[in-house]
Amino acid sequence: MVWTLVSWMLLGLVAGAVARLLVPGPDPMSIPATILLGIVGSFVGGFLGYVLFNRDLSEGALQPSGIVGSIIGGIVVLLVWRAVGRRHTLHR
(Lines give C-alpha, C1' and ligand atoms only; values in the text may rest on other atoms or scores of the structure.)
Protein backbone atom coordinates (compact mmCIF):
# COMPACT_ATOMS: atom_id res chain seq x y z
CA MET A 1 0.00 0.00 0.00
CA VAL A 2 2.75 2.46 0.93
CA TRP A 3 4.79 1.49 -2.14
CA THR A 4 1.75 2.14 -4.32
CA LEU A 5 1.31 5.65 -2.92
CA VAL A 6 5.00 6.43 -3.25
CA SER A 7 5.05 5.18 -6.85
CA TRP A 8 1.95 7.28 -7.67
CA MET A 9 3.65 10.35 -6.24
CA LEU A 10 6.89 9.72 -8.15
CA LEU A 11 5.10 9.02 -11.41
CA GLY A 12 2.89 12.06 -10.79
CA LEU A 13 5.94 14.25 -10.21
CA VAL A 14 7.63 13.04 -13.39
CA ALA A 15 4.48 13.24 -15.54
CA GLY A 16 3.50 16.65 -14.13
CA ALA A 17 6.99 18.07 -14.58
CA VAL A 18 7.27 16.82 -18.17
CA ALA A 19 3.77 18.15 -18.95
CA ARG A 20 4.74 21.55 -17.55
CA LEU A 21 7.96 21.53 -19.61
CA LEU A 22 6.13 20.65 -22.83
CA VAL A 23 3.45 23.33 -22.49
CA PRO A 24 5.01 26.77 -22.99
CA GLY A 25 4.25 29.59 -20.63
CA PRO A 26 4.59 30.30 -16.92
CA ASP A 27 2.92 28.01 -14.42
CA PRO A 28 3.46 29.13 -10.85
CA MET A 29 2.89 25.73 -9.25
CA SER A 30 4.44 24.19 -6.19
CA ILE A 31 5.89 20.69 -6.15
CA PRO A 32 2.75 19.20 -4.53
CA ALA A 33 0.63 20.90 -7.20
CA THR A 34 2.87 19.40 -9.89
CA ILE A 35 2.48 15.96 -8.31
CA LEU A 36 -1.29 16.42 -8.21
CA LEU A 37 -1.24 17.53 -11.86
CA GLY A 38 0.61 14.35 -12.80
CA ILE A 39 -1.67 12.07 -10.77
CA VAL A 40 -4.83 13.62 -12.21
CA GLY A 41 -3.19 13.49 -15.64
CA SER A 42 -2.52 9.79 -15.10
CA PHE A 43 -6.18 9.16 -14.45
CA VAL A 44 -7.19 11.22 -17.48
CA GLY A 45 -4.57 9.53 -19.67
CA GLY A 46 -5.57 6.10 -18.36
CA PHE A 47 -9.23 6.78 -19.07
CA LEU A 48 -8.46 8.04 -22.57
CA GLY A 49 -6.24 5.01 -23.20
CA TYR A 50 -9.00 2.68 -22.07
CA VAL A 51 -11.62 4.41 -24.21
CA LEU A 52 -9.46 4.69 -27.33
CA PHE A 53 -7.43 1.46 -27.19
CA ASN A 54 -9.42 -0.79 -24.83
CA ARG A 55 -6.41 -1.32 -22.53
CA ASP A 56 -6.75 -1.65 -18.77
CA LEU A 57 -4.89 -2.46 -15.57
CA SER A 58 -4.94 -6.21 -16.18
CA GLU A 59 -2.26 -5.73 -18.84
CA GLY A 60 0.19 -4.20 -16.39
CA ALA A 61 0.10 -1.07 -14.29
CA LEU A 62 3.42 0.45 -15.35
CA GLN A 63 3.92 0.42 -19.10
CA PRO A 64 5.65 2.90 -21.41
CA SER A 65 2.28 3.67 -22.97
CA GLY A 66 0.91 4.42 -19.50
CA ILE A 67 3.69 6.88 -18.79
CA VAL A 68 3.13 8.60 -22.15
CA GLY A 69 -0.61 8.59 -21.42
CA SER A 70 0.09 10.19 -18.04
CA ILE A 71 2.08 12.96 -19.69
CA ILE A 72 -0.60 13.52 -22.34
CA GLY A 73 -3.26 13.52 -19.63
CA GLY A 74 -1.16 16.01 -17.65
CA ILE A 75 -0.96 18.28 -20.68
CA VAL A 76 -4.74 18.10 -21.14
CA VAL A 77 -5.36 18.87 -17.45
CA LEU A 78 -2.85 21.75 -17.53
CA LEU A 79 -4.47 23.30 -20.61
CA VAL A 80 -7.94 22.97 -19.04
CA TRP A 81 -6.60 24.49 -15.79
CA ARG A 82 -5.19 27.45 -17.72
CA ALA A 83 -8.43 27.96 -19.66
CA VAL A 84 -10.52 27.91 -16.48
CA GLY A 85 -8.05 30.18 -14.69
CA ARG A 86 -7.97 32.65 -17.56
CA ARG A 87 -11.76 32.78 -17.72
CA HIS A 88 -11.93 33.28 -13.95
CA THR A 89 -9.53 36.23 -14.06
CA LEU A 90 -11.43 37.88 -16.93
CA HIS A 91 -14.67 38.03 -14.90
CA ARG A 92 -13.16 39.90 -11.96
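Starting from 1, residues in each chain are numbered consecutively following that chain's sequence as written. Local features in a predicted model are, by the rule used here, given only for residues with pLDDT of at least 70; side-chain atom pairs are given and counted only at 80 or more, and totals for whole chains, interfaces and linings are based on all residues. Computation of side-chain values: all heavy atoms of the structure, hydrogens and water removed.

A tally of regular secondary structure across the chain gives 3 helices and 0 strands. Going from the N terminus to the C terminus, the chain shows its helices and strands as α-α-α. Counting all 92 residues of the chain, 24% fall into the buried class. A fraction of 71% describes how many contacts in the chain between residues 6 or more apart in sequence connect residues 24 or more apart. For helices the rule is a DSSP run of H or I covering at least 4 residues; for strands it is a run of E covering at least 2, with both sets numbered from the N terminus onward. The classification of residues rests on relative accessible area computed with a 1.4 Å probe and restricted to protein chains. Under 20% of the type maximum is buried, over 50% is exposed, and intermediate values are partly exposed. By definition, residues are in contact when any of their heavy atoms lie within 4.5 Å.

Turning to helix H2 (residues 31-53), a few remarks are in order. Counted at 1.5 Å a residue, the expected span for H2 with its 23 residues is 33 Å, and the 31 Å between its end C-alpha atoms agrees. All buried positions along H2 are accounted for by Thr-34, Ile-35, Leu-37, Gly-38, Ile-39, Gly-41, Gly-45 and Gly-49. Trailing H2 by a residue or two, Asn-54 shows a phi angle of about 55°, which is positive. Multiply 1.5 Å by the residue count of a helix minus one, and that product is the helix's expected span.

In this model, the chain carries a mean pLDDT of 79, and residues with pLDDT of at least 70 account for 80%. Across the chain, helix H1 (residues 2-22) holds the top mean pLDDT of 85, while helix H3 (residues 64-90) sits lowest at 79. Across the chain, each position has a pLDDT score giving the predictor's confidence in that residue, from 0 to 100.

Note on geometry: axes are lines fitted to C-alpha atoms, helical ones only across the stretch in contact, with angles between N-to-C directions running from 0 to 180 degrees. For the pair H1 and H2, the least separation of the axes is 6 Å and the interaxial angle reads 95°. Taken together, the axes of H1 and H2 lie roughly perpendicular to each other. Counted together, Trp-8, Met-9, Leu-11, Gly-12, Leu-13, Ala-15, Gly-16, Ala-17 and Arg-20 of H1 and Ile-31, Thr-34, Ile-35, Leu-37, Gly-38, Ile-39, Ser-42 and Phe-43 of H2 form the full contact between these two elements. Any residue outside Ala, Val, Leu, Ile, Met, Phe, Trp, Tyr, Cys, Pro, Asp, Glu, Lys and Arg is labelled polar, Gly included; the first ten of those are nonpolar and the last four are charged. For the contact of H1 with H2, the per-class residue count stands at 11 nonpolar, 5 polar and 1 charged. Should an angle fall under 35 degrees it is called roughly parallel, over 145 degrees roughly antiparallel, and 65 to 115 degrees roughly perpendicular, with every other angle called oblique.

The next thing to look at is the side chain of Thr-34. With respect to the element layout, Thr-34 can be found in helix H2. By the criterion applied in these results, polar contacts are pairs of N or O atoms within 3.5 Å in which, for protein atoms, one can donate a hydrogen and the other can accept it, and in which residues neighboring in sequence qualify only through two side-chain atoms. Polar contacts involving the side chain of Thr-34 include one to the side chain of Arg-20, which spans 2.7 Å. When residues no more than four places from it in sequence are discounted, the contact partners of Thr-34 are Gly-12, Leu-13, Gly-16, Ala-17, Arg-20 and Met-29.

Taking 1.5 Å of rise per residue, 21 residues should cover 30 Å, and H1 covers 30 Å from first to last C-alpha, within 8% of that figure. Along H1, the positions that sit buried rather than exposed are Gly-12, Ala-15, Gly-16 and Ala-19. For H1, the angular spread of buried residues about the axis comes to 100°, placing them on one side. Exposed and facing more than 90 degrees away from the buried side of H1 are Val-2, Trp-3, Leu-10 and Leu-21. Starting at the helix axis, one direction is taken to each C-beta atom, and the arc is that of these directions.

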